[in-house]
Every structure is written in C-alpha cells, then in structure tokens.
Amino acid sequence: FFFFFLLCQCFLLVLENRNKTTPTTPVPNRQHINCSHHQLSPEERRLLDSIAWPETPRLPVPISLNTTSDPAHSTFTILPVRAGGQWHVGDELEALIQIGDFQGRPKQYGGDLVIARLHDRTLSAGVVGRVVDHLNGSYTAVFPLLWEGRAQVEVMFIHPSEAITVLHRIDREHPDRIQFKSIFRSGSVSETSVCNICLPPDQPLCNYTDLHTGEPWFCYKPRNLSCNTRMTHSKGGFKPNLMAKEETLFLRGDSFIGNTLLRDGHMVICQQY
C-alpha cells in the first residue's frame, strides 16, 4: 500500500511539473486565432511540398458517377525493356496505367490515388512502385528489379480523383473534423473539454503549445476549472462532413485495375549483367 501511494504521488508530481512547463493561461477571445497561427519551418514546408497532390477539377452539382474513375474500365500494360531483350537485376521496369470512367471513356485529367507493387509470393519478396501522374488520365509505375526469378506487377485503385477533390475541400473547410478531448480534474470536480491544434475562438482557450518545438495545441477552457488541471487526453470522435452523394465516391468494390492483372502482370527477372 505504501509503494502504491508513493507511485501515485510521483505521478502527480510529474504531471504538475509538465503543466508548469507549458503555457496554461487562457488565450484571449480574438478572431485571428485560427489554423494559420502556426508558421511552418523550412523543413516542414519542404515536406509538404514533396507530398503535394495535383490539382483536381471541381465536382459537378449534382455529382454524376458516370464521369468518375472506374477500375473496371482501367488497364495497365507492362512496357518492354527499352534496350530490348530481357529484364535483369538492377534494371527498372515500367508499367503504363490508363484510367477510364464508368462510360468506358479515357480520363483526361489526373489526381487518382493509385498504388503499385512488384512482388513474388514464393520468395516473400516485394517492392513498392513509384507512380508518376502525367495529369492526363495516364500514369507510369516504375519498379526497381531487386531479385532474380519470377515477379508479378499489381496495381490497386484506392480513390478516384473526384474523391481527392472532396478530401481537399473537407481539409480546407473542416480542419478540425477529427475531435480530441481532455479531462480536467481537481478534487471531486471533473470536466471534459474539446482540444485540437486550432479551435474557433468563440470561448476562452487553454494554450498548451510546446515551448521547445512550437507545435500548437489548444483546449477550450473548462467552465469551473483552471488550465493546469488537465489530466488525460483521448480521441473524441470523427465528423466526415460529406455532402449528398459524396460518400458514394469512397464506396468501391473491386479495387484492382483491369483484367490484365494476371495475363500481363508476370515477368522473369534474370541475373545481373
């Protein structure tokens, strides 16, 4: 019992010291407090630029699925070796992917989320392909050839470009769609408050921005407790914020592209030169 009591006291002491190292005073209710308060470092900006997604067209209202990307009308073809002959370990293999819509017409713009891999189950070997978006409905998947023997190319369709447009809109209009909560407790009084990296300043905020890294984090101040009584943190829920018919863009059946997966998807990789 004494050991348990001592452990609890140590835990409370650590928690109290942690609260003292972060600013806990309420942030004034000002309109300029929003998601833009955090200035990105050059490293963060380079990281975001490296994963920037191509621009996708605006969705028509109402949404028509006939013009959206359809895996059943999409194909991929393994391109021959540029110098002719066979593939060897150390070469790069390329596969051309063409996306079509539900009416069987080739897409004229990019932005689809497509992933590809080269693998062999018997060897338990595999490598992820680098997918290049040509912004005209066609893509090239590039694979390094790392082992000798048979291999299979597999292309998987994850989201159509129209769904990416929806995700861009939601990310811009509802950056707080993933909710987090914290429990504040002092004695027998306990309150739960909403937290996030940015919150609408319609009520006083507790500022828990990291003093060393500058990473922002805020919670709505509890009605009857102070900011330094924050005890626990947890995920509080998720709001999809989808409009009418937009959910159909994320409900797909067969995700594998085309019927040529097995016929054109195999090749033999020879030894290095």
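Please refer to the structure placed before this passage.
Criteria and thresholds
Residues numbered from 1 in each chain as written. Predicted model: local features only at pLDDT ≥ 70, side-chain atom pairs only at ≥ 80, totals over all residues. Heavy atoms only, no water. Helix = DSSP H or I, 4+ residues; strand = E, 2+ residues; numbered from the N terminus. Contact = heavy atoms within 4.5 Å. Buried < 20%, exposed > 50% of the residue type's maximum accessible area, 1.4 Å probe, protein only. Expected span 1.5 Å × (residues − 1). Core = buried A, V, L, I, M, F, W, Y, C linked by side-chain atoms within 4.5 Å.

Structurally, Ile115 can be placed in strand S5 (residues 113-120). As a C-alpha pair, Ile115 and Val131 span 16 residues in sequence and 6.8 Å in three-dimensional space. Setting aside chain neighbours within four positions, we find Ile115 in contact with Val131, Glu154, Val155, Met156 and Ile158.

With that settled, consider the environment of His119. Inspection of the secondary structure assignment puts His119 in strand S5. Residue classification places His119 among the buried residues on the basis of a relative accessible area of 6%. For the pair formed by His119 and Leu145, sequence separation is 26 residues and the distance between their alpha carbons is 10.0 Å. Discounting chain neighbours no more than four positions away, the residues touching His119 are Ala125, Gly126, Trp147, Ala151, Gln152 and Glu154.

With that out of the way, let us pick up helix H3 (residues 161-173). Across its 13 residues, H3 extends 18 Å between first and last C-alpha, which sits within 8% of the 18 Å expected from 1.5 Å per residue. Within H3, burial applies to Ser161, Glu162, Ala163, Ile164, Thr165, Val166, Arg169 and Ile170. In this fold, the buried residues of H3 make contact with strand S2 (69-78), S5 and strand S9 (149-159).

In this section: the nonpolar core. Residues Phe76, Leu93, Ile97, Leu118, Phe143, Val153 and Val155 are the most contacted members of the largest nonpolar core, which totals 22 residues. With near-sequence residues (within four places) excluded, Phe143 lies in contact with Asp91, Glu92, Leu93, Ala95, Ala116, Arg117, Leu118, Val127, Val128, Gly129 and Val153. By size, the runner-up hydrophobic cluster in this structure holds eight residues, among which are Phe184, Cys206, Tyr208 and Trp217.

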